[in-house]
Structure formats: structure tokens, C-alpha cells
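Overview (structure and organization)
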Amino acid sequence: MKIDDLLGNAKSVLEKNWRGKHTVPSPTLYPHQWSWDSAFIAMGYTHYALERGCSELDNILNGQWKNCLLPHIIFDPEASGYFPDPNYWKTESHSPKGMLTSGIVQPPVHAIAALKYYHHSRGEKIIRRWFPRLKGFHRYLLENRDPERSGFATIYHPWESGFDNSPRWDEALARIEPRDLPEYKRSDLDHVKKAEERPTKEDYDRYIYLVEILKRFNYEDEEVYKEMPFKIKDVVFNTILYVANKALLELAKILGEENSEILEWIGRQEDRFLKQFCPDPEEGLFYDYDLVLNHFIKRRTVAALIPIYAGIVEKPIIEKTVQWLDHSHFCAKGTCKFPLIPSTSLDSPYFKHITYWRGPIWINTNWMLYQGLRTYHFNEHAERLRKAMLDLVRESGFHEYFDPHNGEGHGSDNFSWTASLTIDLLYKCDLVD
Ligand code: 9WN
């Protein structure tokens, strides 16, 4: 694919996946609207199709619950072929009338996309409409999901992280014994080349068991928080939440809205980020915290590097993080065709080259690292990463994820956020094109 074709082809993927008001992540595997996907997708649209970017965010925000939870899926009643389907979740008493939604969240990328939308459109009226919803969602995360008032949200389910079967969750899931599971039939395996590209049956049993617990408590956070066997302060989710709080603050300033609550959230996160996620600043790696076992989850995955995206940690520590980018744990020069960071370190015992979040390269994680490298002015390194992402999609296409050894694409083809973030990278993510 030539560089000129790359932009056109990326736009064609989004065109193919556009469904009138929103974009599906994949035409086969994911036929509904997903929350963090939509925010990444909207960012691509801001460069050339503002009305689509607006509709994308409008539609996802329209699914917000009464308690301000922003569901991770808004179901399209016309679409089929995905499990768990809309009827499984039993969320009618929470979701807006007439809308079918799931009952969990995903990382809050939305305020970041909304600010980008504003910079491209100057559409004050639209961001005025979004602002209370975005703020409500952040408040939900920092109150209902943080009764400890640590400043960081807790996730209840691997799907909430967006990194579903990452080795980060292995220990927490291993101690869960699924009981009384309903009968269910997966549909994901019909859409991939090999079953090993997707999570195992043992993983799925646990995913379903955790949703069964949420359903048993009718998604009421107070009860859920006491009973949930999976409760984690996720380092990537909270890195994104911090960046999103900063974006929300910008939006508040633009709109002349009261911002003391947002400032308080940001202050708390700045004071406590290192203590919450970095047990050894000399090492320069960051880890999730398991609230049930009360310890850090020390796994070598891309998550350990993602806090560079927040710009919250002092540069001397981030310099150590950046050294890891070239380490053999990740993609050391020579061992991988493209110098990008895989989801799990190559020399860890749980690395699997084509299995979803257990090894493959994903574009959104490398995009976050790229942004962080720019924030700290590691410009050469950032440019290397950007070029490698573009080389990878030019050679392999817009897949969901890629084998780090040879760059071959896996999971879904025509994957929307791979296309939209490629568009963003072609514009160098700059605010003014
Ligand atoms: C469950 C849509 C979503 C992404 C997630 C990715 C995958 C779903 C699944 O697809 O998760 O939410 O069925 O595997 O892990 O990050 O948002 O693209």
C-alpha cells in the first residue's frame, strides 16, 4: 500500500463500518457500538468528517445510565451474531428508555476525543451538550467506583479494562470458581482464523460468572463493591482517566463552567499516582493493584509503560520507563519485524504471539505511547514509533492486532480503531492540520 493509498484505505474501512449514527469496531466480530472504540474512532473523524465524529460521541453518550455509568456496549437491535447479546445483560431498569446496553464500563477516552473535536470544530454548542454527561461519567468513576477516595477507579471485570485476556488478570481470575453458569454459546470463534486468537473457554466462563454477579445485585455499586471477587485499580484505565480529567478541565474553561470538582480529582491523582501504581520508581515500571489480594500485579505487559501517556510522572522516572521500550522484554531491535511494543513482553512465560492481549501488537496502545513520548519530548523515539505503526498497517492492513514476530494481522480485518488512529497518525495527531 502506498502512503497516499493508506489514508484513502483507512477512510474506506470507517465508511464500511459506519451504521448511520455510529461505527462498529468490526463488520464481523463486533456488530454493535463499543465505548472506548467510539472515542478512538471519533478522533480519526475529527480530521475529515466532523459530523460523523459528533454523531459517534452523541450516540455513545446517549446510552448513559441514570447513575451516569457509560455502558461499554450500545446494542444495535438490527444486528445479531455477538455474544453476550442484548437480552443477556438485564439492564432495562438502568438504561435510557428504548436503548439496549451492557452493564459495565470501558476506559474513559471520551473527554479526550471531545476536546479534540472542539479543537477542530470550535463547536461550543455541542461540547456544552456533552460536558455534563462526561463530567457525570467521571464522577461515577471517582465516587461509585472509588469508595476509598483514592483518586482512582476500580474495575469489576476484565472487559472493563479493554485488555480482556491480558496476563494481568490471570491471578485474579484463577481464584474465581465459576458456579451455576447459564448455558451460553460464543460467536466470536466463528469470525477468526484460529481459536487460539481468542480467549479460552476457562476465560469465558469467568467473564460470564462475573456478569452473573453484577446481575444478581442489579448493578448496584454499593452491593457489588462488597461482593465482587474481581476488584482492580487498573493502571491503563486510570492513566486514561487522568488524561481525560485534564481534557474535561480544558472543556470547563472553554465553556466557563465551574471546575473546582475537576481540579480536586486531578490534584488527588497527581498526589497519589506514583504510590498507587509504581512500587519501585528506580525500575520505572507501573502495575495494577489487586484490591482483593492487596498487592501489585507485577506482570511484564505494555500496561507497565502506558503511564507515560499521562504526563503525570517526573521525567527522571519516565526516562527509565523509556529505556524499557528498547529492552528485550518488549520488542528489542532485531527480534521483531516492526519496532513496536507488543501487549505482553516477548520473553515472559505467558507470551503468546497471536493470542489477543497476550502478545500481539495493538495500535491503540502504541498510539498512547507515541503521545506520551511527545509529551516528554522524546521526539526521535516518538517518530520511530509513528513510522513503525504506519509501516505495519501499510504492509499488513487494518487488522485488530498483529503478530509481533512477522507483523501478520489477526483477529478482525477492517478494524475501525486501527483505521481511525492511522488517520490520526498520518496527521501527526496535531490539533491543527
Ligand atoms: C468485549 C470491541 C472490543 C474492544 C476491546 C476488545 C474486544 C470484546 C470482545 O473488542 O472486547 O468487550 O468480545 O472480545 O478486547 O478492547 O473494545 O473492539
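One can find the structure itself at the top, above this paragraph.
So, here's what we can say about the structure. Only a predicted model underlies this, so the values are computations on that prediction, with no experimental measurement involved.

What follows covers the overall build of the protein chain. What the protein chain contains, in helices and strands, is 16 helices and 8 strands. In terms of overall dimensions, the protein chain is globule-like: its C-alpha atoms have a radius of gyration of 20 Å, near the 22 Å expected for 433 residues. For the C-alpha atoms alone, the extent of the protein chain along its principal axes is close to 50 × 50 × 45 Å. Buried residues in the protein chain amount to 63% of all 433 residues. Counted over contacts in the protein chain with a minimum sequence separation of 6, partners at least 24 positions apart contribute 72%. For the protein chain, the exposed area adds up to about 16200 Å²; of that, 49% sits on carbon and sulfur atoms.

So, on to the sheet that holds strand S4 (residues 232-233). As summarised here, the arrangement of the 4 strands in space is S3-S4-S5-S6, forming an open sheet in which the pairing is antiparallel. This sheet does not close on itself; its edge strands, each paired only once, are strand S3 (154-155) and strand S6 (295-297). Sheet strands in contact with helix H12 (residues 260-277) are S4, strand S5 (288-290) and S6, and its direction is about 80 degrees off that of S6.

Turning to the packing of aromatic side chains, a few remarks are in order. Taken as a whole, this structure holds 37 aromatic pairs when the rule is applied. For the cation-ring pair, Arg186 lies above Tyr204, with the distance from its terminal atom to the ring centre recorded as 3.8 Å. In this structure, Lys315 is placed above the aromatic ring of Phe378, and the distance from its NZ or CZ to the ring centre is 4.8 Å.

All right, on to the nonpolar core then. As a rule of thumb, soluble globular proteins bury nonpolar side chains together. Counting residues in each nonpolar core, the largest one holds 147 residues, and the members touching the most others are Trp36, Ile112, Trp130, Phe230, Phe286, Trp367 and Leu369. The dominant element in this core, judged by the number of residues it contributes, is helix H11 (residues 235-255), at 14 residues.

Think of two packed helices as two axes; the pair is described by the angle between the axes and how far apart they sit. Axis separation between helix H6 (residues 124-143) and H12 bottoms out at 11 Å; the angle between their running directions is 40 degrees. Taken together, the axes of H6 and H12 lie oblique to each other. The way H6 lies across H12 gives a crossing that is left-handed. Between H6 and H12, the contacting residues are Phe131, Lys135, His138, Arg139, Leu142 and Glu143 on the first element and Glu261, Ile262, Trp265 and Gln269 on the second. Class assignment of the residues belonging to the contact of H6 with H12 gives a composition of 4 nonpolar, 2 polar and 4 charged.

This brings us to the site of the ligand. In the neighbourhood of the ligand, 16 residues make up the surrounding shell, with Asp37, Tyr82, Gly162, Asp164 and Tyr356 lying closest. At a separation of 2.9 Å, an oxygen atom of the ligand approaches a polar side-chain atom of Gln106. In the complex, the protein chains occlude 100% of the 420 Å² of accessible area that the ligand would expose alone. Here the shell around the ligand is composed, by residue class, of 10 nonpolar, 3 polar and 3 charged.

This next bit is on the pattern of salt bridges. Applying the stated rule across the entire model yields 29 salt bridges. A salt bridge links Arg394 to Asp391; the shortest N-O distance between them is 2.6 Å. On the criterion of helical spacing, the pair formed by Arg394 and Asp391 is a turn pair, its members being 3 residues apart in helix H15 (residues 379-396). Residue classification places Arg394 among the partly exposed residues on the basis of a relative accessible area of 22%. Taken together, the shared-partner salt bridges connect Glu124, Arg128 and Glu257 into one network.

Calculation notes
- Residues numbered from 1 in each chain as written.
- Predicted model: local features only at pLDDT ≥ 70, side-chain atom pairs only at ≥ 80, totals over all residues.
- Heavy atoms only, no water.
- Helix = DSSP H or I, 4+ residues; strand = E, 2+ residues; numbered from the N terminus.
- Rg over C-alpha atoms; globule rule 2.2 N^0.38 Å.
- Buried < 20%, exposed > 50% of the residue type's maximum accessible area, 1.4 Å probe, protein only.
- Contact = heavy atoms within 4.5 Å.
- Areas by Shrake-Rupley, 256 points an atom, 1.4 Å probe, with all protein chains shown as cover.
- Pairing = 2+ DSSP bridges.
- Axes fitted to C-alpha atoms, helices over the stretch in contact; angles between N-to-C directions.
- Phe/Tyr/Trp six-rings, centres within 6.5 Å; stacked < 30°, edge-to-face > 60°.
- Lys NZ or Arg CZ within 6 Å of the ring centre and 35° of its normal.
- Core = buried A, V, L, I, M, F, W, Y, C linked by side-chain atoms within 4.5 Å.
- Parallel < 35°, antiparallel > 145°, perpendicular 65-115°, else oblique.
- Left-handed = near helix turned anticlockwise from the far one by under 90°.
- Nonpolar A, V, L, I, M, F, W, Y, C, P; charged D, E, K, R; others polar.
- Near = heavy atom within 4 Å.
- Polar contact = N/O pair within 3.5 Å; in protein donor to acceptor, adjacent residues only side chain to side chain.
- Salt bridge = Lys/Arg side-chain N within 4 Å of Asp/Glu carboxyl O.

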